[in-house]
Amino acid sequence: MKKKAVLVLTIFGIISIGVGVGINFVYGLKKDQAATLLRMDDVSLEYKNFSSAVDEFNDIRNSLYLGVFENIYYDTMATTDVTVKETLAEYEGVVDKVTKAALELENLCGTIYFPDSNVNSECKSFGSVYEQIVNAFLSDVQLYNDNIVQYNNYQKGNGQTDLLEEYKTDKKYIDYNNDKKYEGKEE
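Quick caveat, the model's predicted, so the values are computed rather than measured.

Caption draft 1: Representation of the state of the cysteines within the structure. Applying the stated criterion to the full structure yields 1 disulfide. Residue Cys-109 pairs covalently with Cys-123 via a disulfide, S to S 2.0 Å. What sets the handedness of the Cys-109 and Cys-123 disulfide is the S-S torsion sign, and at about -75° it is left-handed. Highlighted residues: Cys-109 in helix α2 (residues 77-109) and Cys-123 in helix α3 (residues 117-157), separated in sequence by 14 residues. The pair formed by Cys-109 and Cys-123 is uniform in burial state, with each residue classed as buried.

Caption draft 2: Region of interest: the nonpolar core. Within the largest apolar cluster, 40 residues are counted, with the highest numbers of intra-cluster contacts made by Val-43, Phe-50, Phe-57, Leu-88, Phe-137 and Tyr-144. When near neighbours in sequence (up to four residues on either side) are disregarded, Val-43 contacts Leu-105, Leu-108, Cys-109, Phe-114, Val-119, Glu-122 and Cys-123.

Caption draft 3: Geometry of the environment of Cys-123. Overall, the relative accessible area of 16% leaves Cys-123 in the buried class. Not counting residues up to four positions away in its chain, the partners in contact with Cys-123 are Val-43, Cys-109 and Phe-114.

Caption draft 4: Looking closely at the environment of Tyr-144. On the secondary structure map, Tyr-144 appears in helix α3. Classification of Tyr-144 by relative accessible area gives buried; the value is 1%. As for Tyr-144 and Glu-166, which are separated by 22 residues in sequence, their C-alpha atoms are 7.8 Å apart. Apart from residues no more than four positions distant in its own chain, Tyr-144 is found in contact with Phe-69, Ile-72, Met-77, Asp-81, Val-84, Lys-85 and Leu-88.

Caption draft 5: How the structure looks around the pattern of salt bridges. Per the counting criterion, the structure on display carries 5 salt bridges. Taking the shortest distance from any N to any O, the salt bridge between Asp-140 and Arg-61 comes out at 2.7 Å. Here the residue Asp-140 occupies a position in helix α3, and Arg-61 occupies one in helix α1 (residues 2-67), the gap between them amounting to 79 residues. Of the charged contacts in the structure, one is a salt bridge between Lys-171 and Glu-92, with a shortest N-O distance of 3.4 Å. Here Lys-171 is found in the segment after α3, whereas its partner Glu-92 is found in helix α2, with 79 residues between them in sequence.

Caption draft 6: Broad picture of a nonpolar patch on the surface. A cluster of nonpolar side chains, contributed by Leu-7, Ile-11, Ile-15, Val-19 and Ile-23, occupies part of the molecular surface with about 470 Å² of accessible area. Looking at the element boundaries, Ile-15 is found in helix α1.

How each quantity is defined
- Residues numbered from 1 in each chain as written.
- Predicted model: local features only at pLDDT ≥ 70, side-chain atom pairs only at ≥ 80, totals over all residues.
- Heavy atoms only, no water.
- Disulfide = S-S within 2.5 Å.
- Helix = DSSP H or I, 4+ residues; strand = E, 2+ residues; numbered from the N terminus.
- Buried < 20%, exposed > 50% of the residue type's maximum accessible area, 1.4 Å probe, protein only.
- Core = buried A, V, L, I, M, F, W, Y, C linked by side-chain atoms within 4.5 Å.
- Contact = heavy atoms within 4.5 Å.
- Salt bridge = Lys/Arg side-chain N within 4 Å of Asp/Glu carboxyl O.
- Patch = residues over 30% accessible without salt bridge, like charges linked within 9 Å, V, L, I, M, F, W, Y side chains within 5 Å.
- Areas by Shrake-Rupley, 256 points an atom, 1.4 Å probe, with all protein chains shown as cover.

Pasting the structure below:
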């Protein structure tokens, strides 16, 4: 009888432990699923911020090319230099917005594989867009600075001492995806 009671209590204890472990596992799984869904929402929201910053970048870049770069001539560079540099500073501010959103996406996405293919696509695509934007900005600055150098050489050749300064930025070309190519960099 005593052996039977011990056996019943042992079986009951094992079953109780098994049920407890099972309930804890299901609770943890549900909690993890909720956290994943919340993180996917965060990624989607931040990707929208990133996309709107990219749209703003494209708008300012188009206006820079159509309104500024196509009208750069030696005879007007001295009078338009301040305006161009203000536009480039605004342009750089937009690149900073894109950078901020890209870094936030990088933190949210990490190396996680999400159950939603749209979120995975957003996590995979933002890096190459970010690389193109930073490198395109730097190429545009280099284009303007090359014009400044040519203008200054022209001025020196004419005996003038009024020279213009190049646009300064602390940004560097990036290879975000480490593929040994600088997407967006114009050579």
